[in-house]
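Geometric and topological summary
The primary structure of each chain is shown beneath.
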2 protein chains.
Amino acid sequence: MEAAARVIARRGVRGLRVEELAAEAGVSTALIYYHFKDRTGILRATLEFISDRAERYTTERDPGAEPLDPRSELEQSLLLELQDTPTVRENSTAWGELRASAVFDPDLREELARATLIWVQEVAELLGQVRPMATATALAAAAERLTALLEGLSVRWLSGGLPLEHARELMAGAVDAELARLRG
Amino acid sequence: MEAAARVIARRGVRGLRVEELAAEAGVSTALIYYHFKDRTGILRATLEFISDRAERYTTERDPGAEPLDPRSELEQSLLLELQDTPTVRENSTAWGELRASAVFDPDLREELARATLIWVQEVAELLGQVRPMATATALAAAAERLTALLEGLSVRWLSGGLPLEHARELMAGAVDAELARLRG
């Protein structure tokens, strides 16, 4: 799965060749087909892998660290997707590619919708901890906007059109705007 | 250019074959190479074409129509990108593809950055008509967020993960949130 995320981040979904993936993972193509059945099976498993990995790197804390207050936890969970580390860059590139390829190919749409829903629910829950009086509908809408904005900013960053620091400022500003609105 | 936007919206940037484009446009491949030099030349011209076309369909009014107030003009310019018409669907698909392909291929980055900047400036100007006391920096940041959110929502819509009506509500909500913040 790590090899698949790497290959997709390097060449895109449409450039994914099972032979290259097998070489990257150091296994035979037969083993890959045995496990994942076909190309769609590989992409589905990769999508799940990168969703789980994003959840880890946006929520993990050092064992000895003080717990964050709800607002910082919310901000961190979004801003940690905008970091210039190999893992985040690779993960965001692969996620953006899977999303973009679903415009042309319906195979992954259901999994993408499910992964997005889980992400939106997590952000809505964090928003709800900061704004406990807000309605579930308002929290969900704010979470949908924040996650869609993050995807939009990520692609601009990864395609060289937006400096990372500025992307982070814009994201932090959106969190402010949504929290102000939820207090409304 | 119309044929190129159509082919990109059908198969993606990476599926663009000059032979198919020539057939679609009803001309020879030699004529296409004569005009655009190479694949990158075609993509650059297509990017310009779809930017101009988006500007037209988001700003055009019926000749006899009453002029809109600044706030409606702002909302319309963003919401008209979320319409289920063949032109808007094709334009948004091709734009998203050009943006996504720039993650892997630096050739178009400069043109994309320029087209994005023009778009951001237009939205910032509309925001400034509604909030004349806001600083240029605050207007630019709000415009960057609104346009990046629109791109994020568009891809979700086009990949079947978000109903169009809901995408429009989310976008209208973001305009509210940003205008409230600019008044602040």
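Residues numbered from 1 in each chain as written. Chains lettered and ligands numbered in written order. Predicted model: local features only at pLDDT ≥ 70, side-chain atom pairs only at ≥ 80, totals over all residues. Heavy atoms only, no water.

This paragraph deals with empty space enclosed by the protein. A complete count under the given rule lists one cavity of 30 Å³ or more for this structure. Together, Arg145(A), Leu146(A), Leu149(A), Ala174(A), Ala177(A), Glu178(A), Arg145(B), Leu146(B), Leu149(B), Ala174(B), Ala177(B) and Glu178(B) line the largest cavity. For the lining of the largest cavity, a count of residues per class yields eight nonpolar, no polar and four charged. (1 Å grid on protein atoms, 1.4 Å probe; cavity = no way out; pocket = protein on both sides within 12 Å on 5 of 7 lines; lining within 4 Å. Points joined across faces, edges and corners; volume = space filled by probe spheres on them. Nonpolar A, V, L, I, M, F, W, Y, C, P; charged D, E, K, R; others polar.)

Screw-axis analysis of chain A against chain B gives a translation of 0.0 Å along the axis, an RMSD of 0.0 Å, and a rotation angle of 180°. What the superposition gives is, in effect, a two-fold axis relating one chain to the other. Of the residues that chain A buries at the interface, 100% are likewise interface residues in chain B, meaning the two copies contact each other through the same surface. (Least-squares fit on C-alpha atoms with pLDDT ≥ 70 in both. Contact = heavy atoms within 4.5 Å.)

Within this model, the second largest pocket holds a volume of roughly 160 Å³. If you go around the second largest pocket, the residues you meet are Arg11(A), Val13(B), Arg14(B), Arg39(B), Leu43(B), Ser101(B), Phe104(B), Asp105(B) and Leu108(B). Class assignment of the residues belonging to the lining of the second largest pocket gives a composition of four nonpolar, one polar and four charged.

Right, let's get into the packing of aromatic side chains. Residue and element names in this part refer to chain A. One pass over the structure, following the stated rule, counts two aromatic pairs over all chains. Judged by centre distance (6.3 Å) and plane angle (85°), the ring pair of Trp95 and Trp119 falls under edge-to-face. Residue Trp95 is found in helix H6 (residues 86-101), and its partner Trp119 is found in helix H7 (residues 109-130); the two are separated by 24 residues along the sequence. By relative accessible area, which is 13% here, Trp95 ends up buried. Classification of Trp119 as buried rests on a relative accessible area of 15%. (Phe/Tyr/Trp six-rings, centres within 6.5 Å; stacked < 30°, edge-to-face > 60°. Helix = DSSP H or I, 4+ residues; strand = E, 2+ residues; numbered from the N terminus. Buried < 20%, exposed > 50% of the residue type's maximum accessible area, 1.4 Å probe, protein only.)

As a further point, take helix H5 (residues 70-79) of chain A. Those residues of H5(A) that sit buried are Leu74(A), Ser77(A), Leu78(A) and Leu79(A). The elements touched by buried residues of H5(A) are helix H4 (39-59), H7, helix H8 (136-158) and helix H9 (164-183) of chain A.

In this complex, chain A contributes 40 residues to the contact, which on the side of chain B involves 40 residues. Carbon and sulfur atoms supply 63% of the area that chain A and chain B bury against each other, a total of about 3100 Å² over both sides. On the chain A side of the contact with chain B, Phe104(A), Arg145(A) and Arg156(A) bury the most area, a combined 22% of that side's loss. A salt bridge links Arg156(B) to Glu151(A); the nearest nitrogen and oxygen atoms lie 3.2 Å apart. In this assembly, chain A and chain B are joined by 14 residue pairs in polar contact (both at pLDDT 80 or more). (Buried area = accessible area lost by both parts, 1.4 Å probe. Salt bridge = Lys/Arg side-chain N within 4 Å of Asp/Glu carboxyl O. Polar contact = N/O pair within 3.5 Å; in protein donor to acceptor, adjacent residues only side chain to side chain.)

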